[in-house]
Amino acid sequence: DAYGTPIDTWYVWRYDGEKYPANIGKPAHEAITWKLVSPSRVEFKHWSKDNRMTEELVRTVSADGQEMTQTRAYLTGKECVDTQVFKRR
């Protein structure tokens, strides 16, 4: 976090379209829905308590399984998109 304290986030990942808490280790302010598009692509959305979508995310894994890319679009008034690339070690 902003103070240098490690963050642990645990969540339920099911492809049934139901909303699950964004963090099951502590009270969650948002819920997440998951959609498996293909074996290498997952799309998910974050929802506020008043049922507004706040983020849209996509995770894709490369064909060789050595890289995962996550794109996040924040939907909170100002358009902002970030992309993270994770490489297997």
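Note that the structure is a prediction, hence the values are computed from the model and not measured.

With that out of the way, let us pick up the overall build of the protein chain. Of the regular secondary structure elements, the protein chain holds zero helices and six strands. What you see in the protein chain, going N to C, is helices and strands ordered as β-β-β-β-β-β. The C-alpha extent of the protein chain, read off along each of the three principal axes, is 40 × 35 × 30 Å. Looking at the 89 residues of the protein chain, the share that counts as buried comes to 22%. Taking contacts inside the protein chain between residues at least 6 apart in sequence as the whole, the part at least 24 apart equals 6%. For the protein chain, the accessible surface area stands at approximately 6,800 Å², while carbon and sulfur atoms represent 53% of it. Side-chain charges in the protein chain split into 14 positive and 13 negative, and the spacing between the mean points of these groups amounts to 1 Å.

To continue, consider the layout of surface pockets. Roughly 330 Å³ of volume is contained in the largest pocket. Forming the walls of the largest pocket are 17 residues, and the residues nearest its centre are Thr9, Tyr11, Ala22, Asn23 and His46. Every element with two or more residues in the lining of the largest pocket is listed here: strand 2 (30-38), strand 3 (41-48), strand 4 (53-61) and strand 5 (67-75). For the lining of the largest pocket, a count of residues per class yields eight nonpolar, five polar and four charged.

Before going further, it helps to spend a moment on the confidence of the model for the protein chain. When the pLDDT values of the protein chain are averaged, the result is 91; 100% of them are 70 or greater. Taking the mean pLDDT of every element in the protein chain, the minimum, 89, falls on strand 1 (residues 20-21) and the maximum, 96, on strand 4.

Thresholds applied
- Residues numbered from 1 in each chain as written.
- Predicted model: local features only at pLDDT ≥ 70, side-chain atom pairs only at ≥ 80, totals over all residues.
- Heavy atoms only, no water.
- Helix = DSSP H or I, 4+ residues; strand = E, 2+ residues; numbered from the N terminus.
- Buried < 20%, exposed > 50% of the residue type's maximum accessible area, 1.4 Å probe, protein only.
- Contact = heavy atoms within 4.5 Å.
- Areas by Shrake-Rupley, 256 points an atom, 1.4 Å probe, with all protein chains shown as cover.
- Lys, Arg positive; Asp, Glu negative; His and termini not counted.
- Charge placed at Lys NZ, Arg CZ, Asp CG, Glu CD.
- 1 Å grid on protein atoms, 1.4 Å probe; cavity = no way out; pocket = protein on both sides within 12 Å on 5 of 7 lines; lining within 4 Å.
- Points joined across faces, edges and corners; volume = space filled by probe spheres on them.
- Nonpolar A, V, L, I, M, F, W, Y, C, P; charged D, E, K, R; others polar.
- pLDDT = per-residue confidence, 0-100.

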